[in-house]
Amino acid sequence: MPACDYSALREATGQLARLGLSLQTVIPLALPADDFPQTRLNSTTGQREILRDRNGRPLPAFVSKNPSFWLADGQPRLTSQSQPAVESEVLKRIDVAERLGRPIGLAVIPSKEVVVIDFDRKNYPTQEALDQDWMRLLDLYPELTGTRIERTPGGGVHIYLRLADGMDSWRTAAGKLHCNFTTVPGGEHRGEVLAGTRVCVCAPTRNRSGVYELVNPEYAYSLIEVRTLGTIGIYPR
């Protein structure tokens, strides 16, 4: 199991809550699908049935990034990103995980006012290409150096921002929000803008691949405000 810094998680919980961010916990490792399969309620029979892939194998319920926590008896429990946990509940879950010696992680649930730009490593040919892209934005818009930025275990980057327009400029013709973004108009898909009820696992969570790290610790709990995403070179894809 991944190591877990429970004290650091408690500190981050308090600081992020004071920023007004909605929080959740995650069990930061995938649990065996045979033991913890994904299920759904069959409306005809009234029974829960196991969901399976095309080869008949059960789908996992716990995939390391979905909201979840440990019960006091050691059983894992899924929860919903649409129902954020208050600070006291998050701290309680961390305490339970520590008593059990189990890993626990922290996640924020962005809104339309606070979003996370999630640069995804799989959308770049190399790690160097990803780093050149997001650091180019910092060169063009140096105010970004004063907001919370994280490096994910997989090499991605999270940039946290307050949006003055509440994502209005990112609405589709149908009134929904765009998700995928590019860093040049008409360019390649580079990641997702996490807003609404999307979950963003955050530092100092550790999973099997490594730790979510702060790029600029001095601004770990600072969020700059920009008028729109377009004003810092982030465009819908």
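Refer to the structure above for everything that follows.
Keep in mind the model is a prediction, meaning the values are calculated, not measured.

The rules behind the values
- Residues numbered from 1 in each chain as written.
- Predicted model: local features only at pLDDT ≥ 70, side-chain atom pairs only at ≥ 80, totals over all residues.
- Heavy atoms only, no water.
- Salt bridge = Lys/Arg side-chain N within 4 Å of Asp/Glu carboxyl O.
- Helix = DSSP H or I, 4+ residues; strand = E, 2+ residues; numbered from the N terminus.
- Buried < 20%, exposed > 50% of the residue type's maximum accessible area, 1.4 Å probe, protein only.
- Pairing = 2+ DSSP bridges.
- Axes fitted to C-alpha atoms, helices over the stretch in contact; angles between N-to-C directions.
- Contact = heavy atoms within 4.5 Å.
- Expected span 1.5 Å × (residues − 1).

1. Remarks on the pattern of salt bridges
- For the structure on display, the rule yields ten salt bridges.
- One salt bridge connects Asp 131 with Arg 151, and the closest N-O pair in it is separated by 2.8 Å. Of this pair, Asp 131 sits in helix 3 (residues 127-140) while Arg 151 sits in strand 8 (residues 149-151); the two residues are 20 residues apart in sequence, bridging distant segments of the chain.
- Salt-bridge contacts for Arg 148 lead to Glu 150; the nearest nitrogen and oxygen are separated by 2.7 Å.
- For Glu 150, a relative accessible area of 0% gives the class buried.
- Connected via shared salt-bridge partners are Arg 10, Asp 95 and Glu 98.

2. Re the sheet that holds strand 12 (residues 200-202)
- The antiparallel open sheet is built from three strands, whose spatial order is 1-6-12. Edge positions in the sheet fall to strand 1 (22-26) and strand 12, since each has one partner strand and no second. The average angle at which neighbouring strand axes cross in this sheet is 40 degrees, direction not considered.
- By the bridge criterion, five bridges tie strand 1 to strand 6 (residues 105-109) in an arrangement that is antiparallel. Bridge pairing in strand 6 links Leu 23 to Val 108.
- Lying on the sheet, helix 1 (residues 6-18) is in contact with strand 1, strand 6 and strand 12; it crosses strand 6 at an angle near 15 degrees.

3. Some details on the side chain of Thr 13
- With respect to the helices, strands and loops of the structure, Thr 13 is situated in helix 1.
- The contact partners of Thr 13, leaving out residues within four places of it in the chain, are Leu 23, Glu 87, Val 90, Leu 91, Ile 94 and Leu 106.

4. With respect to the environment of Glu 225
- For Glu 225, the position within the fold is in strand 16 (residues 225-226).
- Residue Glu 225 is classed as exposed on the basis of its relative accessible area, which comes to 56%.
- In this structure the C-alpha to C-alpha distance between Glu 225 and Glu 143, which are 82 residues apart in sequence, comes to 9.4 Å.
- With residues up to four places along the chain from it excluded, the contact list for Glu 225 reads Arg 162 and Ala 164.

5. Quick word on the pairing of strand 6
- Counting buried residues along strand 6, five of its five residues qualify, which places the element largely inside the surrounding structure.
- Of the two faces of strand 6, the one holding Gly 105, Ala 107 and Ile 109 and the one holding Leu 106 and Val 108 are both buried throughout.
- Of the pairings in the sheet, the one linking strand 6 to strand 12 comprises three bridges and is antiparallel in character. Paired with Val 108 across the strands is Cys 200, a residue of strand 12.

6. A word on helix 2 (residues 87-100)
- Helix length check: helix 2, at 14 residues, gives a terminal C-alpha distance of 20 Å against a target of 20 Å (1.5 Å per residue), a fit within 8%.
- Tucked inside the fold, the buried residues of helix 2 contact helix 1, strand 1, strand 4 (68-70) and strand 6.
- Just downstream of helix 2, Gly 101 is the residue with a positive phi angle, here 70 degrees.

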